[in-house]
Amino acid sequence: MFRVVATAEAVSWVGLLTGMYVKYLTDAGDLGVRIFGPIHGGIFVAYLLLTFLVSRVFAWSRRITLLGLACSVPPFATLTFEVWAQRTGRLSTPARATDFTDTRAPEEDDRRRV
């Protein structure tokens, strides 16, 4: 899912940049910006939210999370980040559920119930 959203964010950049080119360097109008602006904005927000979620699931450090978020700003950087994260294993092994919950051993819970 992260790959899909990272790719969609990059593709929406293409549409927005093309629309901006047409708007500012030709007399063809601003239709491309009016179409791709909101599309890119929505996918941009989805990428940010998904990056936060994925950073929790895969237990990324703050540094890696901030890098992933920062890659949403330059055009096409989300693709570069996704490829890097995949190659370095940051998208392959989810953190254990105990990393986010109570870390007491199950037998401690059992003793308290008695």
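Heads up: these notes are all about the structure in this document.

Rules used throughout
Residues numbered from 1 in each chain as written. Predicted model: local features only at pLDDT ≥ 70, side-chain atom pairs only at ≥ 80, totals over all residues. Heavy atoms only, no water. Helix = DSSP H or I, 4+ residues; strand = E, 2+ residues; numbered from the N terminus. Buried < 20%, exposed > 50% of the residue type's maximum accessible area, 1.4 Å probe, protein only. Contact = heavy atoms within 4.5 Å. Areas by Shrake-Rupley, 256 points an atom, 1.4 Å probe, with all protein chains shown as cover. Axes fitted to C-alpha atoms, helices over the stretch in contact; angles between N-to-C directions. Parallel < 35°, antiparallel > 145°, perpendicular 65-115°, else oblique. Expected span 1.5 Å × (residues − 1). Polar contact = N/O pair within 3.5 Å; in protein donor to acceptor, adjacent residues only side chain to side chain. Salt bridge = Lys/Arg side-chain N within 4 Å of Asp/Glu carboxyl O.

What follows deals with the overall build of the protein. For the protein, the count of helices and strands is five helices and zero strands. Each helix and strand of the protein, ordered N terminal to C terminal, gives the series α-α-α-α-α. Looking at the protein as a whole, 28% of its 114 residues qualify as buried. Residue pairs in contact within the protein that sit at least 24 positions apart in sequence constitute 64% of those at least 6 positions apart. When the accessible surface of the protein is summed, it comes to about 7700 Å², and 65% of that surface belongs to carbon and sulfur atoms.

The subject of this paragraph is the packing of helix H1 (residues 2-25) against helix H4 (residues 77-87). It is the contact of H1 with H4, at a shortest axis distance of 8 Å, that shows an interaxial angle of 155 degrees. In terms of axis orientation, H1 runs roughly antiparallel to H4. On H4, the residues that touch Phe 2, Arg 3, Ala 6, Thr 7, Glu 9 and Ala 10 of H1 are Thr 78, Leu 79, Phe 81, Glu 82 and Gln 86.

What follows covers H1. Across its 24 residues, H1 extends 34 Å between first and last C-alpha, which sits within 8% of the 34 Å expected from 1.5 Å per residue. What H1 keeps buried is the set Phe 2, Val 5, Ala 6, Glu 9, Ala 10, Ser 12, Trp 13, Gly 15, Leu 16 and Gly 19. Buried residues along H1 sit against helix H2 (31-57) and H4.

Right, let's get into the side chain of Ser 12. Topologically, Ser 12 is positioned in helix H1. For Ser 12, a relative accessible area of 4% corresponds to the buried category. Only 2.7 Å separates the side chain of Ser 12 from the side chain of His 40, close enough to count as a polar contact. Discounting residues that sit within four places of it in the chain, Ser 12 has contacts with Ile 39, His 40 and Ile 43.

Attention now goes to the pattern of salt bridges. When their charged atoms lie close together, side chains carrying opposite charge are able to pair. This model, assessed by the stated rule, comprises two salt bridges. Arg 3 is the partner of Glu 82 in a salt bridge, and the nearest nitrogen-oxygen pair spans 3.2 Å. Note that Glu 82 is positioned in helix H4 and Arg 3 in helix H1, a separation of 79 residues in sequence. Judged by relative accessible area, Glu 82 falls into the buried class, the value being 4%. We note a salt bridge from Arg 34 to Asp 30, for which the minimum N-O separation is 3.2 Å. A residue is classified by how much of its surface remains accessible, and Arg 34, at 54% relative accessible area, is exposed.

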